[in-house]
Structure formats: C-alpha cells, structure tokens
Amino acid sequence: MAYSSFHPPVRTLMGPGPSDINPRVLAAMSRPIIGHLDPAFVGMMEEMKKLLQYAFQTRNALTLPVSAPGSAGMETCFANLVEPGDKVVVCINGVFGGRMKENVERFGGIPVVVEDAWGQPVSTDKVEAALQANPDASLLAFVHAETSTGACSDVQALCELARRHDCVSIVDAVTSLGGIPLYVDEWGVDAIYSGSQKCLSCTPGLAPISVGERAIERIRRRRTQVPSWFLDLNLVMGYWMESEGRRAYHHTAPINALYALHEALVILHEEGLEASWARHRRHHEALRAGIEAMGLRFLVDAAHRLPQLNAVLVPEGVDEAAVRAALLQRYSLEIGAGLGPYAGRIWRIGLMGHAANEQNVLLCLGALEAVLAEMDAVTPGLALPAARAEYAGRVRSQAA
C-alpha cells in the first residue's frame with residue numbers, strides 16, 4: 001500500500017475543544033527546533049512563566065506548562081497533593097468533577113462527594129456543610145467552568161470556604177483560562193490547572209498550572225513519595241526553575257508546542273485579559289440572541305452560563321447527531337455532543353479564543369437554522385437578524 005502526506009480538511013471548530021488556532025500560533029510551531037536546554041529556549045521559558053502568571057493573575061513562582069494535556073495538569077495536582085488516607089471534598093456537577101473524584105481514589109484518598117445537578121453551579125452551602133461535617137478534610141477540589149454543561153461556579157467563594165476550614169483548594173480552569181475572569185491570587189486559589197487548546201487557542205497537549213505557597217508547603221510535608229515520576233513537581237521544578245544558575249534535565253520538552261503556547265500567550269497579552277473576557281461575552285450574547293430567536297433554549301441559567309461553552313437543548317424529536325453530521329458535511333462546521341445524562345439531549349457550542357468572533361457566530365447560527373428548518377424544527381429567517389441586532393445594539397451603546 002502506498003501512503004501519502006495527511007492533509008486535513010479545513011474546519012471551523014465550535015465544539016468544546018480544541019478551538020480554532022490563530023495563524024500566528026500555527027506559524028510559531030513551524031519555527032526551527034532548538035535544544036530544550038539551549039539558552040535561547042531557556043529565555044523563552046522564562047518569558048512564558050511571566051505570561052502565564054499574567055493569564056492566571058498570580059505571582060506564584062511555580063507557574064508553568066506541564067508537557068501533556070489538561071488531564072495531565074489535573075493529575076499533576078492530585079498526584080502531588082493527595083496522599084493515601086487524605087480526605088478530599090470533591091464537587092461534582094458534571095463529567096470533570098467526576099474525573100477529580102477518580103483521581104482522588106487512584107491516589108489513595110477518601111473522596112467526600114458534594115453533588116449538584118448537571119447544569120447547576122457548585123453549591124457553596126453544600127460545600128460548607130460537607131466541610132463542617134468532615135473537619136479532618138484537607139483538600140477541596142472543584143471545576144470552575146464545567147465543560148460538559150457550560151456551568152460556571154464561584155471560585156472566590158469556594159476558595160474562601162477552603163481556607164476557612166484549613167483546606168488546600170484544587171481548581172480546574174481548563175475551559176475558563178483566558179475566557180472569563182479568573183484571579184488566582186485575589187481569590188486565594190492554592191493549585192490550579194488548565195489546558196492549551198481552549199480559550200488560549202493553542203495546540204492541544206500542554207497544561208498550564210500554577211501552585212501557591214500553601215500547596216507547595218503541603219507537597220514538602222508529604223509522608224510518601226509522589227506516585228508519578230513524570231508529574232512529580234519536586235523534579236519538574238528543577239527544569240523550569242533554576243537553582244544556583246543551573247537547570248536540571250527532567251524530560252525533553254515539546255519544543256515547538258511550547259513555541260506555540262508562548263505565541264498564544266503573547267497574543268492574549270496584546271489583547272489584554274479584560275478585553276478577551278469582554279470579547280467572549282460579546283459574541284456569546286449575539287449567539288444567545290440567535291439561538292433564542294429560533295425558539296431554542298439553553299441548559300444553564302443565564303446567571304451561571306459560560307460565554308465560551310454554550311449548552312443548547314435539542315428540540316423534541318430532532319436527531320442531534322444527524323444535525324451535527326449535516327453541519328460537518330455541508331458547512332465544515334464542528335459543534336459538540338452532550339455527555340453523560342445529556343448525551344443526545346444538548347449541543348455544546350464553543351466560542352473559545354480565536355474562534356470567538358462575529359463571522360463564526362453568524363456561520364453557526366445560519367447553518368444550524370438551515371439544517372433545523374429542513375427538519376421542520378424551527379422557523380427560518382429569525383436567527384441572523386437577532387444576532388445582527390445584538391451586535392448593532394452593542395455598537396450603539398459603546399458609541400453613546
């Protein structure tokens with residue numbers, strides 16, 4: 001059999017991730033490779049740490065990208081902070097809270113589950129009750145932006161509860177970093193992880209993390225060895241943080257992927273965090289206007305809804321997989337399916353990073369309305385005027 005180079009089709013990615021990549025980031029990946037201990041590369045690493053500190057809004061010295069996907073960022077935090085017998089309060093309001101629980105169990109911890117309905121934020125009242133009922137708990141873990149539903153939880157309030165009960169907090173920010181307000185230092189977050197492929201619009205495969213002093217002290221006091229050699233922060237720090245002017249060899253870093261993350265973070269810095277957050281919100285509101293004009297509804301209440309991950313309820317009698325297939329085949333547009341109890345019941349429409357723009361919003365609304373109208377599920381001709389009116393209204397309000 002003869003093989004040839006792979007040339008992927010050009011898609012517009014508006015699912016739960018990965019997101020469309022800025023052409024500048026793609027270009028950065030094609031730059032010449034150099035050694036991972038080359039002084040030029042080390043200089044870029046130092047810049048990247050500062051750029052990540054900006055993105056996370058933290059001064060934590062231990063702020064770096066783990067050389068693996070966001071799931072490895074999660075595992076890094078749990079592998080380093082959970083020891084056998086530790087009691088951990090774990091909040092589950094979707095798929096990724098459930099993965100936190102599994103990490104606790106795999107590392108020998110005892111999970112105390114606080115469960116909320118999918119599509120709802122984590123209940124601070126339930127968390128406080130769990131912490132009061134379990135005074136020996138030492139960790140609180142929860143998801144900021146639940147990718148499976150599009151629900152946003154109150155990081156500041158939950159981290160305040162953790163500190164009040166002498167717990168170290170672990171926060172999943174895979175879908176939130178760069179897309180909505182996140183203030184690691186101001187909100188008292190102890191350990192947090194994210195992913196490169198969501199609102200940062202970078203290639204998948206890197207996991208930015210930031211670990212504060214309370215969490216570092218807990219790692220230093222471990223009674224047992226960190227069960228993962230690759231994710232042991234005591235070792236990783238030797239590569240990312242110089243000691244006596246030297247940098248230890250730990251692993252061969254994904255050099256060109258790190259070029260890409262550096263460029264993505266430069267782009268975020270150029271735009272400004274507040275401007276990025278506002279852009280995600282602006283395009284979400286236009287998408288919302290078009291979705292509601294079609295008579296469709298969102299899973300999450302507006303007060304807790306993520307602008308970058310929109311869970312839209314599938315109309316009664318519509319084959320949601322057939323709709324996604326038509327969007328992909330006819331419009332080269334990808335949106336996401338539901339997970340768990342919402343499999344077949346919702347679409348997940350992403351507006352993340354570079355993909356959060358007016359052209360994508362109008363493409364998605366027009367294509368979705370056309371496919372659903374053919375199924376007699378919506379009335380055509382309503383979505384785009386509503387979205388355009390939302391954009392025009394915002395322009396007028398800004399001019400005023």
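I will try to describe carefully the structure that is included in this document. Treat the numbers as computed from the prediction; the structure is a model and nothing was measured.

**Observations regarding the packing of helix H3 (residues 70-81) against helix H4 (residues 95-106)**
- For the pair H3 and H4, interaxial distance at closest approach is 10 Å and the crossing angle is 45°. The pairing of H3 with H4 is recorded here as oblique in orientation. In the packing of H3 onto H4, the handedness of the crossing is right-handed. Each of Ser 71, Met 74, Glu 75 and Phe 78 in H3 lies in contact with H4, whose residues at this interface are Arg 99, Met 100, Asn 103 and Val 104.
- Of the residues assigned to the contact of H3 with H4, the class counts are four nonpolar, two polar and two charged.

**Things to note about the sheet that holds strand S13 (residues 336-337)**
- In space, the three strands of this open sheet follow the order S11-S14-S13, with antiparallel pairing throughout. Two strands bound the open sheet, and with one partner strand each, they are strand S11 (309-313) and S13.

**Observations regarding helix H10 (residues 273-293)**
- Helix length check: H10, at 21 residues, gives a terminal C-alpha distance of 31 Å against a target of 30 Å (1.5 Å per residue), a fit within 8%.
- Phi turns positive, to about 90°, at Gly 295, one or two residues after H10.

**So, the nonpolar core**
- Phe 41, Phe 78, Met 100, Val 127 and Ile 170 are the most contacted members of the largest nonpolar core, which has 91 residues in total.
- When residues in this core are grouped by element, the largest group, 10 residues, is from helix H9 (residues 255-271).
- Setting aside anything within four residues of it in sequence, one finds Phe 78 in contact with Met 100, Asn 103, Val 104, Phe 107, Ala 141 and Ile 170.
- Membership of the second largest hydrophobic core comes to 31 residues, among which are Val 314, Leu 351, Leu 362 and Val 378.

**Some thoughts on the side chain of Ser 196**
- Tracing the backbone shows Ser 196 in the loop between strand S9 (191-193) and strand S10 (207-211).
- On the basis of relative accessible area, Ser 196 is assigned to the buried category, the value being 0%.
- Here Thr 203 takes part through its backbone oxygen, which lies 2.6 Å from a polar atom of the side chain of Ser 196.
- Residues within four places of Ser 196 in sequence aside, it is in contact with Ser 201, Cys 202, Thr 203, Pro 204, Gly 205, Leu 206, Pro 208 and Leu 261.

**Comments concerning the pairing of strand S3 (residues 87-92)**
- The buried fraction of S3 amounts to six of the six residues, a majority that puts the element mostly inside the structure.
- With six bridges connecting them, S3 and strand S4 (residues 110-115) associate as parallel partners. Looking at S4, one finds that Val 89 is bridged to Val 112.
- Remark: the S3/H4/S4 crossover connection has right-handed handedness.
- The pairing of S3 with strand S5 (residues 139-143) spans three bridges and is parallel. Bridging across to S5, Val 89 finds its partner in Leu 140.

**A short note on the environment of Ser 67**
- Structurally, Ser 67 is set in the loop between strand S2 (62-66) and H3.
- The spatial distance from the C-alpha of Ser 67 to the C-alpha of Ala 257 is 9.1 Å, given a sequence separation of 190 residues.
- If we skip the residues at most four places from it in the chain, Ser 67 touches Gly 205, Leu 206, Phe 230, His 251, Ala 253 and Pro 254.
- Here His 251 takes part through its side chain, which lies 2.8 Å from a polar atom of the side chain of Ser 67.

About the cut-offs
- Residues numbered from 1 in each chain as written.
- Predicted model: local features only at pLDDT ≥ 70, side-chain atom pairs only at ≥ 80, totals over all residues.
- Heavy atoms only, no water.
- Axes fitted to C-alpha atoms, helices over the stretch in contact; angles between N-to-C directions.
- Helix = DSSP H or I, 4+ residues; strand = E, 2+ residues; numbered from the N terminus.
- Parallel < 35°, antiparallel > 145°, perpendicular 65-115°, else oblique.
- Left-handed = near helix turned anticlockwise from the far one by under 90°.
- Contact = heavy atoms within 4.5 Å.
- Nonpolar A, V, L, I, M, F, W, Y, C, P; charged D, E, K, R; others polar.
- Pairing = 2+ DSSP bridges.
- Expected span 1.5 Å × (residues − 1).
- Core = buried A, V, L, I, M, F, W, Y, C linked by side-chain atoms within 4.5 Å.
- Buried < 20%, exposed > 50% of the residue type's maximum accessible area, 1.4 Å probe, protein only.
- Polar contact = N/O pair within 3.5 Å; in protein donor to acceptor, adjacent residues only side chain to side chain.
- Right-handed = clockwise from strand over helix to strand, strands pointing away.

Read these as spatial facts, not as claims about activity.
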